[in-house]
Amino acid sequence: MRVHVISDMEGVAGIVKGEQTTGGEPLYEEGRKLYTEEINAAIRGAKASGATEIVVMDCHGAGKGWTFNSLIPEDLDPACEYVVQNEWTEYTEFLEQGCDAALFVGMHARAGTRDGVMNHTIYGRDYQNLWFNGTVVGETGINAALCGTWGCPVLMVTGDEASCREGRELLGGGLTTVAVKKGFGASGARIIPPVRARQLIEEGAKRALFDLSAVSPWDPGRPSEIRVEYKNTMAPDALRFRAGVERVDDRTIVSRADTWWEAWKQFYF
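What this report covers is the structure whose coordinates are included nearby.

A short note on the packing of aromatic side chains
What characterises a pair of aromatic rings is the spacing of the ring centres plus the angle enclosed by the ring planes.
Here's step 1: If you walk through the whole model with that rule in mind, you get 14 aromatic pairs.
Here's step 2: Arranged with centres 5.5 Å apart and planes meeting at 85 degrees, the rings of Tyr268 and Phe269 form a pair that is edge-to-face.
Here's step 3: An aromatic cluster of three or more residues is present, and its members are Trp88, Phe132, Trp150, Trp218, Trp260, Trp261, Trp264, Phe267, Tyr268 and Phe269.

Structural notes on the sheet that holds strand S5 (residues 127–132)
Here's step 1: Overall, antiparallel pairing links the five strands, which are arranged S6-S5-S10-S12-S11 in an open sheet. Edge strands, defined here as strands with exactly one partner in the open sheet, are strand S6 (135–136) and strand S11 (245–249).
Here's step 2: Of the pairings in the sheet, the one linking S11 to strand S12 (residues 252–257) comprises four bridges and is antiparallel in character. Directly across from Asp249, in S12, lies its bridge partner Thr252.
Here's step 3: Sheet contacts for helix H7 (residues 260–268): S5, strand S10 (224–230), S11 and S12; angle to S12, the most-contacted strand, approximately 135 degrees.

Here's the deal with the pairing of strand S4 (residues 101–107)
Here's step 1: Among the seven residues of S4, seven are classified as buried, and the element is accordingly described as predominantly covered.
Here's step 2: Note: strand S1 (residues 2–7) against S4, five bridges, orientation parallel. When the sheet's bridge partners are listed, His4 is paired in S4 with Ala102.

Some details on helix H5 (residues 194–208)
Here's step 1: Look at H5: 20 Å from first C-alpha to last across 15 residues, which is about the 21 Å you get at 1.5 Å a residue.
Here's step 2: Looking at the packing, one finds that the buried side of H5 touches helix H1 (28–48), S4, strand S7 (154–160) and strand S8 (176–183).

Quick notes on the packing of helix H3 (residues 139–149) against H7
Here's step 1: Packing of H3 against H7 leaves a shortest axis separation of 10 Å and a crossing angle of 125 degrees. Classed by the angle they form, the pair H3 and H7 counts as oblique. Listed contacts from H7 to Ile142, Ala145, Leu146 and Thr149 of H3 are Trp260, Trp261 and Trp264.
Here's step 2: For the contact of H3 with H7, the residue count by class is six nonpolar, one polar and no charged.

Observations regarding the pattern of salt bridges
Here's step 1: In this structure the tally under the stated criterion is 15 salt bridges.
Here's step 2: Residues Arg125 and Glu87 are paired through a salt bridge, measuring 2.9 Å at the closest nitrogen-oxygen approach. Taken together, the residues span a long stretch of sequence, with Arg125 in the loop between S4 and S5 and Glu87 in the loop between strand S3 (81–83) and helix H2 (93–97) at a distance of 38 residues.
Here's step 3: Residue classification places Arg125 among the partly exposed positions, given a relative accessible area of 26%.

Looking at the sheet that holds S8
Here's step 1: Ordered by their spatial adjacency, seven strands build an open sheet running S3-S2-S1-S4-S7-S8-S9, and the pairing between neighbours is mixed. Edge positions in the sheet fall to S3 and strand S9 (189–191), since each has one partner strand and no second. Averaged over all pairs of adjacent strands, the angle between strand axes in this sheet comes to 25 degrees, irrespective of strand direction.
Here's step 2: Here S8 runs beside S9; their pairing, made up of three bridges, is antiparallel. Paired with Lys181 across the two strands is Ile191, which belongs to S9.
Here's step 3: Contacts from H1 reach S1, strand S2 (53–58), S4, S7 and S8 within the one sheet, and its direction differs from that of S2 by about 155 degrees.
Here's step 4: In the packing of H5 onto the sheet, contacts are made with S4, S7 and S8, and the angle to S8 comes to roughly 155 degrees.

Overview of the nonpolar core
Here's step 1: Among the nonpolar cores identified, the biggest contains 83 residues, and Leu103, Phe132, Trp264 and Phe267 are the most heavily contacted of them.
Here's step 2: At eight residues, H1 tops the list of elements feeding residues into this core.
Here's step 3: Apart from the residues lying within four places of it in its own chain, the contact partners of Phe267 are Tyr127, Ile226, Val228, Tyr230, Leu239, Arg242, Val245, Ile253 and Ser255.

Considerations on the environment of Gly204
Here's step 1: By secondary structure assignment, the location of Gly204 is in helix H5.
Here's step 2: Taking C-alpha positions, Gly204 is 7.3 Å from Thr177, a pair spaced 27 residues apart along the chain.

Thresholds applied
- Residues numbered from 1 in each chain as written.
- Predicted model: local features only at pLDDT ≥ 70, side-chain atom pairs only at ≥ 80, totals over all residues.
- Heavy atoms only, no water.
- Phe/Tyr/Trp six-rings, centres within 6.5 Å; stacked < 30°, edge-to-face > 60°.
- Pairing = 2+ DSSP bridges.
- Helix = DSSP H or I, 4+ residues; strand = E, 2+ residues; numbered from the N terminus.
- Contact = heavy atoms within 4.5 Å.
- Axes fitted to C-alpha atoms, helices over the stretch in contact; angles between N-to-C directions.
- Buried < 20%, exposed > 50% of the residue type's maximum accessible area, 1.4 Å probe, protein only.
- Expected span 1.5 Å × (residues − 1).
- Parallel < 35°, antiparallel > 145°, perpendicular 65-115°, else oblique.
- Nonpolar A, V, L, I, M, F, W, Y, C, P; charged D, E, K, R; others polar.
- Salt bridge = Lys/Arg side-chain N within 4 Å of Asp/Glu carboxyl O.
- Core = buried A, V, L, I, M, F, W, Y, C linked by side-chain atoms within 4.5 Å.

Printed below as a string of structure tokens:
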């Protein structure tokens with residue numbers, strides 16, 4: 001069984017402040033440790049369920065040289081391999097080769113979610129709202145669509161209660177979710193201690209991989225329309241001459257193509 005662990009930092013137990021997720025900040029090293037240990041918990045659960053190949057993809061943009069490289073390699077479970085990519089959604093080889101399941105660790109809610117800890121959609125891109133064929137999504141939806149492009153189902157989402165709720169609404173009741181904290185704002189939460197959170201994630205991963213058919217691979221639909229509402233006019237300005245991309249108002253663009261992956265590549269890279 002081949003398992004893809006796709007991870008982000010903001011949904012990790014113990015992480016509530018931006019300084020814990022920003023490269024070079026004093027609190028960042030604490031955040032990296034918490035982050036790596038939750039990834040390890042998912043790896044242990046996958047191994048216990050019979051995974052023979054596990055590839056971890058860090059999807060956290062920490063800034064500077066730490067972007068997509070926030071985990072601590074020295075502390076990572078040796079049963080896995082891990083990816084350092086240059087651009088988010090750039091690495092697809094493992095999915096293209098055929099992957100049985102994906103486990104999402106440390107997810108956060110989409111921008112504008114009141115109880116979502118550190119909620120945002122693609123930090124640094126100034127997204128206010130993002131829709132795939134009329135369905136509003138956050139980063140969980142983007143990663144799910146990426147996996148679904150190559151027929152890989154997402155079987156587990158961990159993070160705060162808001163991100164778990166978002167995952168279930170998108171992927172259905174068969175999704176295993178592990179909530180490690182309950183947000184009461186963007187920078188505050190009631191949190192399960194990290195040691196217990198890791199136990200829950202390990203158990204959740206084992207449970208999720210017991211039934212590979214519990215969740216279908218997610219395809220936003222064909223043909224595909226991606227609509228992005230930005231917080232300002234700068235990104236639409238930059239995309240106004242991009243082939244396949246239409247600017248529909250001051251802050252909104254639409255990308256259309258036969259498939260989600262084609263529509264995504266037209267404007268994102």
